[in-house]
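The chain contents come next:
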Amino acid sequence: MLYEKKGRYIVEFQDIPKARQHHIEIDVDERRMNNKEVELGFDEERAIKEAKRCLSCRRCLGCALCWAECKPEAIVFDMQDEVFDLEADSVIVSPGVERAVDRVDRKYGLGRELNVITDLQLERMLSDSGPSAGLIIRPLDGDIPSRIAFVQSYASSTAPRMHKAAVIFGVNEAILVKRKLPLAQVTFFAEGLDAVLKEAGATQQSLNGAKVVESPVKGVEGNADGSIQVAFGAGDETAAFDLVVLLTQPQVPRELKDLGKSLGLTLSYASFLVGDGAGVITTEKEAVALAGEV
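The structure displayed is predicted, hence computed values, not measured ones.

Asker: Would you mind showing me how to read the layout of surface pockets here?
Answerer: Gaps between atoms show up when a probe of the same size as a water molecule is rolled over them. Here the largest pocket defines a volume of roughly 270 Å³. Along the walls of the largest pocket sit 13 residues, with Glu98, Arg103, Gln251, Val252 and Arg254 positioned nearest its centre. Elements that contribute at least two residues to the lining of the largest pocket include exactly strand S2 (98–99) and helix H7 (254–263). Top element by residues in the lining of the largest pocket is H7. It accounts for 4 residues. Here the residues of the lining of the largest pocket are counted per class, giving 4 nonpolar, 1 polar and 8 charged.

Asker: How do you make sense of the sheet that holds strand S7 (residues 217–222) when you look at a structure like this?
Answerer: Where strands meet in a sheet, backbone hydrogen bonds hold them as pairs that are either parallel or antiparallel. An order of S7-S8-S9 is seen for the 3 strands of this open sheet, with the pairing classed as antiparallel. This sheet does not close on itself; its edge strands, each paired only once, are S7 and strand S9 (237–241). Taking each pair of neighbouring strands and ignoring which way they run, the sheet shows an average axis angle of 20°. When S7 meets strand S8 (residues 228–232), the two strands line up antiparallel, connected through 5 bridges. Its bridge partner lying in S8, Gly222 is registered against Ile228.

Asker: Just checking my understanding: could you explain the packing of aromatic side chains for this structure?
Answerer: Centre distance and the angle of the planes are the two values used to describe a pair of aromatic rings. Scanning the entire structure with this criterion turns up 3 aromatic pairs. With centroids separated by 5.5 Å and ring planes inclined at 20°, the aromatic side chains of Phe150 and Phe188 adopt a geometry described as stacked. You can see Phe150 sitting in strand S4 (residues 147–152) and its partner Phe188 sitting in strand S5 (residues 185–189), a full 38 residues away along the chain. What makes Phe188 buried here is its relative accessible area of 0%. Here the aromatic rings of Phe189 and Phe241 are separated by 6.0 Å at their centres, their planes lie at 90°, and the arrangement is edge-to-face. You can see Phe189 sitting in strand S5 and its partner Phe241 sitting in strand S9, a full 52 residues away along the chain.

Asker: Mind showing me how you'd approach the nonpolar core here?
Answerer: As a rule of thumb, soluble globular proteins bury nonpolar side chains together. Counting 31 residues, the largest nonpolar core has Leu122, Ile136, Ile148, Phe150 and Phe188 as the members making the most contacts within it. Here this core gets 8 residues from one element, more than from any other, and that element is helix H5 (residues 160–180). Apart from the residues lying within four places of it in its own chain, the contact partners of Phe188 are Phe150, Val167, Gly170, Val171, Ala174, Leu193, Leu207, Lys211, Val212, Val213 and Leu247. In this structure, Val104, Tyr108, Phe232 and Val244 belong to the second largest nonpolar core, which totals 15 residues.

Thresholds applied
- Residues numbered from 1 in each chain as written.
- Predicted model: local features only at pLDDT ≥ 70, side-chain atom pairs only at ≥ 80, totals over all residues.
- Heavy atoms only, no water.
- 1 Å grid on protein atoms, 1.4 Å probe; cavity = no way out; pocket = protein on both sides within 12 Å on 5 of 7 lines; lining within 4 Å.
- Points joined across faces, edges and corners; volume = space filled by probe spheres on them.
- Helix = DSSP H or I, 4+ residues; strand = E, 2+ residues; numbered from the N terminus.
- Nonpolar A, V, L, I, M, F, W, Y, C, P; charged D, E, K, R; others polar.
- Pairing = 2+ DSSP bridges.
- Axes fitted to C-alpha atoms, helices over the stretch in contact; angles between N-to-C directions.
- Phe/Tyr/Trp six-rings, centres within 6.5 Å; stacked < 30°, edge-to-face > 60°.
- Buried < 20%, exposed > 50% of the residue type's maximum accessible area, 1.4 Å probe, protein only.
- Core = buried A, V, L, I, M, F, W, Y, C linked by side-chain atoms within 4.5 Å.
- Contact = heavy atoms within 4.5 Å.

Put into structure tokens, the structure is as follows:
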């Protein structure tokens, strides 16, 4: 590896989580005077832990393929870090948001059922440059789904403005799904949807024929045929879908919080996620604003 020791581009990942799992071995006493297999492989618990580890080394290998492919020749391995002082009349902070997937309750089946995906995963699927080249498919078998459910996977009462941001994001995706799959049955499970749409100046008609169920979902279970059973409502109502899309909570990235502190700002979590209509949110510092409208 020619560039392996060029530290500038060797990025160590701080989230390398756990040590590699080791095979189970029989005791030394048990090995004597026989031909028993010493290494027994992984049991279920170790196999799951090992499977959850990233299989790559999570760091730059120094292969220099990025340098070879970068036509503008922007990669210079010997470049030294420099600090610039710039003067500007105003600063607009626009870092985007993250999705708290790790907070999704297991009852929604994420990570357990292949045909349960997040709204961000659907966004990638909808993109022509995404992994499925714009096709909406079931991860389990690649089939085109004919029954799709959007399911709110958090408590809407905890942060109403965040809820609005998540629901509007999901509504836009549902509209795109109906455009790509006009014959698909789309059902939208979300609390307070009417109020959110009204605040955004829209109605359920905006969902282009999607069915709306203003009820929390109790649980999600996979069926033998790959479909997903969704339980909802005050009774024991259920419905089966080919694909379930979970609406997830947007959150302010840690980098933005650190940046806000360095700029002397008191960043508002909710107002960053959903601005007051102008697209740029003012802060207590006149020259600093946030680009936070969703």
